[in-house]
Each structure stands twice: as C-alpha cells, then as structure tokens.
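Summary of the model geometry
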Amino acid sequence: MVRDRITPEGERFYAMLRELAGKEVRIGFQAGEATDENGVDMCDIAAWNELGTANIPARPFLRQSADEHQDEIKAFSARAAKEMIHGGTAEQCLDKIGVKMKGIVQKTIRDGDFVPNAPSTVRRKGSSKPLIDTGRMRQSVNYHIKPKGGR
C-alpha cells in the first residue's frame, strides 16, 4: 500500500484554509466607535440612511455596494485567497478584502445614485447630495475580522 504524505507547506496551507473558513470580514459601522457632532452614534445614522425612516427615504448604500460590485468582490476575494499559496496568511487575505470593501462602500456613499435631499435639507446644508454633509459617516466606514457567526 502506498501512502502519500502532505508536505509541511501543504499542512500550513490547509491550516490557513481552516482558519479562513472560521472567520468573516464585516464591513460597515460598529456601534460605539464613532459619533456625529451631537453625539449620535454613526451606526444609528448609517442604519437610518440605509433603511430609511418616517422622515428620511432609504438610501441603501451598503446593499448597493454589495449588489453593484458583486463580481468585482468575488474576483478580488479569489485573488486574495490565492496569495496564501505564495506565503500570505488568512489574516492578510481577510484584511485585503476588508480594505477593498471599505473603499467600495465609501465610493458608493460619495457617488451612489440616491433620492436627492429634500429642499429643507438643501437649504440647511447647501447641497442636494444625500449622505454627504460633514463626511463623518463616510469616514466612519470600517471593517472587522471576526469569528464566523460571532458577535
């Protein structure tokens, strides 16, 4: 009977795949990390804008980011995972994906096609461009690498 053995490099690669399978990258806003000038949590402000309220129309910048860039995200993620073959780590792979997604979300906030601001908002902030006032929400987009399914 012939038995093949996995090389140390193969063992390392399989260990990284197991690590990668147990983690996820979360893009968006984490409660308690940033506030606006009035002390309102950016996580709340982002949710109100993403989903809408009685007074604010939905401007789904997170969903739009994922939906409109789905193929780009998949291709980028595949390239980042392949870099593990050449000595990268699972953490580096997920970090690259996080940076890429953060950029996509920030670009969508800046350039997305959303319902324009109401005339009263335009008078207050001087622009019909939604989601951009001080730039604080866009700057607060972040990512975290967490255990899959964890909090």
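Use the structure listed above.
For clarity, every value in this text was computed on a predicted model and none was experimentally measured.

What counts, and at which threshold
- Residues numbered from 1 in each chain as written.
- Predicted model: local features only at pLDDT ≥ 70, side-chain atom pairs only at ≥ 80, totals over all residues.
- Heavy atoms only, no water.
- Phe/Tyr/Trp six-rings, centres within 6.5 Å; stacked < 30°, edge-to-face > 60°.
- Helix = DSSP H or I, 4+ residues; strand = E, 2+ residues; numbered from the N terminus.
- Buried < 20%, exposed > 50% of the residue type's maximum accessible area, 1.4 Å probe, protein only.
- Arc of directions from axis to C-beta.
- Contact = heavy atoms within 4.5 Å.
- Polar contact = N/O pair within 3.5 Å; in protein donor to acceptor, adjacent residues only side chain to side chain.

What follows covers the packing of aromatic side chains. Both the distance between ring centres and the angle between the ring planes are used here to describe each pair of aromatic rings. By the definition in use, this model includes two aromatic pairs. The interplanar angle of 90° and the centroid separation of 6.0 Å between the aromatic rings of Phe29 and Phe61 together place this pair among those described as edge-to-face. Of this pair, Phe29 sits in the loop between strand E1 (23–28) and helix H2 (42–51) while Phe61 sits in helix H3 (residues 61–68), placing them 32 residues apart in sequence. Across this residue pair, the class does not change: Phe29 and Phe61 are buried.

Glancing now at H2. Among the residues of H2, Met42, Ile45, Ala46, Asn49 and Glu50 are the ones counted as buried. Buried residues of H2, seen end-on, are gathered within an arc of 130° and therefore sit on one face of the element. On its buried face, H2 sits against H3 and helix H7 (136–139). Looking at where H2 begins, the residue whose side-chain oxygen comes 2.8 Å from the main-chain nitrogen of Cys43 is Asp41. Just past H2, the residue Gly52 takes up positive phi, approximately 85°.

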